[in-house]
Amino acid sequence: MYKRDAKQSMAGRLMMRSCFAQLSGETPESFHLSRDESGKPYIVDPSPSLSLLSFNVSHAGDYAAFAASTTAKIGVDVMKVELRRNTSVQQFFSHMKRQFTDFEWQKIRSPATDRGKLVNFYRHWCLKESYVKAIGTGLKFGLQRIQFDLGDLENGICKSTTVSVDGVLDLNWKFEEIFQDNHFVTIAMGNVEFSPEDRASVKLLNFSDLVVSEDPLSDKFYFASFDEKKELP
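Residues numbered from 1 in each chain as written. Predicted model: local features only at pLDDT ≥ 70, side-chain atom pairs only at ≥ 80, totals over all residues. Heavy atoms only, no water.

Enquirer: Any chance you could break down the overall build of the protein for me, citing the residues and the numbers?
Expert: Across its full length, the protein carries six helices and 11 strands. Per-residue burial over the protein gives 42% buried out of 233 residues. Restricting to contacts in the protein with at least 6 residues of sequence separation, those with at least 24 account for 53%. When the accessible area of the protein is evaluated, it comes to approximately 13200 Å², of which 49% is carbon and sulfur surface. (Helix = DSSP H or I, 4+ residues; strand = E, 2+ residues; numbered from the N terminus. Buried < 20%, exposed > 50% of the residue type's maximum accessible area, 1.4 Å probe, protein only. Contact = heavy atoms within 4.5 Å. Areas by Shrake-Rupley, 256 points an atom, 1.4 Å probe, with all protein chains shown as cover.)

Enquirer: Quick one: what's the story with the packing of aromatic side chains, residue by residue and with numbers?
Expert: Using the criterion set out here, one finds 20 aromatic pairs in the structure. Ring centres of Phe92 and Phe93 lie 6.1 Å apart, and the angle between their planes is 40°; on these two criteria the pair is classed as tilted. Residue classification places Phe93 among the buried positions, given a relative accessible area of 0%. (Phe/Tyr/Trp six-rings, centres within 6.5 Å; stacked < 30°, edge-to-face > 60°.)

Enquirer: Requested: an account of the side chain of Asn120, with residues and values cited.
Expert: Tracing the backbone through its elements, the reader meets Asn120 in helix 4 (residues 114–135). At a separation of 2.9 Å, a polar atom in the side chain of Asn120 contacts the main-chain carbonyl oxygen of Lys107. Excluding anything up to four places from it in sequence, Asn120 contacts Lys107, Ile108, Ser110 and Pro111. (Polar contact = N/O pair within 3.5 Å; in protein donor to acceptor, adjacent residues only side chain to side chain.)

Enquirer: Explain the sheet that holds strand 9 (residues 168–169) residue by residue, including any values.
Expert: Pairing is antiparallel across the open sheet formed by three strands, whose spatial order is 6-8-9. One side of each edge strand has no neighbouring strand; the edge strands of this open sheet are strand 6 (146–149) and strand 9. In this sheet, strand 8 (residues 162–165) lies alongside strand 6 in antiparallel orientation, the contact comprising four bridges. Each bridged residue has a counterpart across the sheet, and for Gln147 the counterpart in strand 8 is Ser164. The sheet contacts of helix 4 involve strand 6 and strand 8, and relative to strand 6 the element is tilted by about 130°. (Pairing = 2+ DSSP bridges. Axes fitted to C-alpha atoms, helices over the stretch in contact; angles between N-to-C directions.)

Enquirer: Which residues make up the environment of Arg13, and what are the values?
Expert: Topologically, Arg13 is positioned in helix 1 (residues 3–24). Each C-alpha atom of the pair Arg13 and Leu33 lies 9.6 Å from the other, and the pair is 20 residues apart in sequence.

Enquirer: Could you give an account of the sheet that holds strand 10 (residues 173–180), with specific residues and numbers?
Expert: If you walk across this open sheet you meet the four strands as 5-11-10-7, and the pairing is antiparallel. Both edges of this open sheet fall to strand 5 (73–80) and strand 7 (157–158), since each of them pairs with a single strand only. In this structure, strand 7 lies alongside strand 10, joined through two bridges in antiparallel fashion. Paired with Ile157 across the bridge in strand 10 is Ile178. The strands touched by helix 4 within the sheet are strand 5, strand 7, strand 10 and strand 11 (183–190), with strand 5 carrying the most contacts at an inclination of about 155°.

Enquirer: How would you sum up unusual backbone geometry? Please name residues and give values.
Expert: Even without a glycine there, the phi angle at Asp45 is positive, about 50°. Within the secondary structure layout, Asp45 lies in the loop between strand 2 (41–43) and strand 3 (54–60). Within the chain, Asp166 stands out as a residue other than glycine whose phi angle is a positive 55°. Mapped onto the elements of the fold, Asp166 is located in the loop between strand 8 and strand 9.

Structure (C-alpha cells):
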C-alpha cells in the first residue's frame with residue numbers, strides 16, 4: 001500500500017466516524033468498527049440512533065466515497081477509468097468475460113473508440129460493485145445474475161439506470177451515478193419504495209475538510225507506518 005492509498009483509506013474512516021458522530025452525538029473516536037465475513041464494515045454494539053444505519057465506503061484512483069442511510073440498504077463504489085499497464089482493451093476485457101451478461105457486453109463494446117469502451121466497462125463494474133456491497137455478499141454473488149440497463153448520463157449524473165436480477169426487473173433498487181474527473185461514483189439504494197424525486201444527497205469534500213476537527217495521525221505508530229510508505233508505485 002502506498003501513501004495515496006493509505007490517505008484514501010484514512011479519508012473513508014474519517015467520513016464514517018464523522019457521520020456516526022453527527023447522528024449519535026458521540027465523539028468520532030468512540031466507535032468500535034469491525035468487518036463481517038464479506039468484508040463489509042459495521043459498528044460493534046451501536047447505540048439506538050445508529051442501529052438501523054446501513055453504510056458503505058470505497059476508494060479508488062483519486063477519490064474516496066462514503067454513503068449511509070437509515071431507510072435503505074446502501075452500497076457505494078468508486079472506479080477510475082484507466083487501462084492497466086502493458087495490456088490492451090481487448091486483453092483486459094478477455095479476463096472479465098464472465099462478469100457481465102451478453103446484453104451488457106454489447107453495451108460495453110458499442111462505442112467506436114477504446115476510450116468509450118473503457119468508460120462503459122467501468123460504469124457497469126461500478127454499478128455491480130455497489131449492488132453486491134449493498135446486499136452484503138461482495139463478489140461471491142454471481143455477477144452474471146445481475147444485469148443493468150443504463151440510463152442517460154446528463155451533466156455527469158444519471159438516476160434512471162435499472163437492474164434485473166435473475167432476469168427479473170427489480171424496481172426496489174435505485175442507483176445514483178456520478179461521473180467526474182474521470183471517476184465513476186455509484187450509490188446503490190435498495191429495498192425501499194421511492195418516489196420519482198428521490199435521490200441521494202451528495203457532498204464533495206477534500207481531505208483538509210475531514211481533518212479540521214480530527215487528527216487521523218495522532219497515533220505515533222500509525223503515523224510512522226504511514227510516513228514510511230512511498231507516495232505512488
